Amino acid sequence: MSEEEAPEPDAPAGTDDEEESVDALLFTKWEVSDIVYSDPSTERYITVTPIAHTMGRHANKQFKKSEISVVERLINRLMQTEDNTGSKQKTTGIVRDALEIVNERTDENPVQVLVEAVENSGPREETVRLKYGGISVPKAVDVAPQRRVDQALKFIAQGTQSGSYKTKTSAAEALARTLIGAADYDVQAYPINQKEEKERVAAAAR
């Protein structure tokens, strides 16, 4: 008489092999997986991740800065001002509050607004100095995509500082205004104004 095979026990509820993956959110609020890039030349250098602090693991590797989140790069750039030098936690709070303000005023994902601001603020052309027989002559040159991103973050940080220094405007408010203006390509916004100025000077030096 052969033994009957015992039926396999039912799998407990909630232990299916295919579990829904939960995407991490920037500052536990903002989605970063659906960002749209309008400029293919800088897309490779504008990285968006939900991590805003990588403990400086890119610091000793050339060009590795392009592999960390553009949000952290903005935080690091804002830390280069006199008031925020070395204050990563304070500067992170400024950026977090600024993203909140951007979301309230535009009803858009503030990370998408930041990406658009960086894309719009990077100059495509600038000038260098060439020496011919002891005479310096300005010459227009194209800007590499990675430098365009670097310049854009620099202009955004400078616009934030100029908009909040010795005024009643908070740094978060100034940053939010700068991001919104740059994303809308407002020539009154500091980053766009600086980009247009650089390209104007370069055009005259062709």
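Residues numbered from 1 in each chain as written. Predicted model: local features only at pLDDT ≥ 70, side-chain atom pairs only at ≥ 80, totals over all residues. Heavy atoms only, no water.

- Identification of the protein chain as Small ribosomal subunit protein uS7 from Halomarina rubra is taken from an unreviewed UniProt entry.
- Taken from UniProt, the Sequence similarities (unreviewed entry) comment for the protein chain reads in full: "Belongs to the universal ribosomal protein uS7 family." (UniProt positions renumbered as here; feature names shortened; annotations may be inferred.)

## Comments concerning the pairing of strand β1 (residues 125-132)
Moving on, step 1. Strand direction decides the pairing type here: β1 and strand β2 (residues 135-142), joined by eight bridges, are antiparallel. Within β2, the position partnered with tyrosine 132 by the bridge is isoleucine 135.
Moving on, step 2. Hairpin connection of β1 to β2: two residues between the antiparallel strands, including glycine 133 at a positive phi of 60°. (Pairing = 2+ DSSP bridges. Helix = DSSP H or I, 4+ residues; strand = E, 2+ residues; numbered from the N terminus.)

## Thoughts on a nonpolar patch on the surface
Moving on, step 1. Among the surface-exposed residues, Val128, Leu130, Tyr132, Ile135 and Val137 lie close enough to one another that they form a single nonpolar patch of about 420 Å² accessible area.
Moving on, step 2. For the nonpolar patch, the secondary-structure elements that each account for two or more residues are β1 and β2.
Moving on, step 3. Among the elements that line the nonpolar patch, the one with the most residues is β1, at three residues.
Moving on, step 4. Among the structural elements, valine 137 can be located in strand β2. (Patch = residues over 30% accessible without salt bridge, like charges linked within 9 Å, V, L, I, M, F, W, Y side chains within 5 Å. Areas by Shrake-Rupley, 256 points an atom, 1.4 Å probe, with all protein chains shown as cover. Salt bridge = Lys/Arg side-chain N within 4 Å of Asp/Glu carboxyl O.)

## Structural notes on the packing of aromatic side chains
Moving on, step 1. In this structure the tally under the stated criterion is zero aromatic pairs.
Moving on, step 2. Sitting over the face of the ring of phenylalanine 27, arginine 96 holds its NZ or CZ atom 4.9 Å from the ring centroid. (Phe/Tyr/Trp six-rings, centres within 6.5 Å; stacked < 30°, edge-to-face > 60°. Lys NZ or Arg CZ within 6 Å of the ring centre and 35° of its normal.)

## Concerning the side chain of glutamate 72
Moving on, step 1. Following the sequence through the fold, glutamate 72 ends up in helix α1 (residues 70-78).
Moving on, step 2. Of note is the side chain of glutamate 72, whose polar atom sits 3.1 Å from the side chain of lysine 88.
Moving on, step 3. Discounting residues that sit within four places of it in the chain, glutamate 72 has contacts with Ile51, Ala52, His53, Thr54, Met55 and Lys88. (Polar contact = N/O pair within 3.5 Å; in protein donor to acceptor, adjacent residues only side chain to side chain. Contact = heavy atoms within 4.5 Å.)

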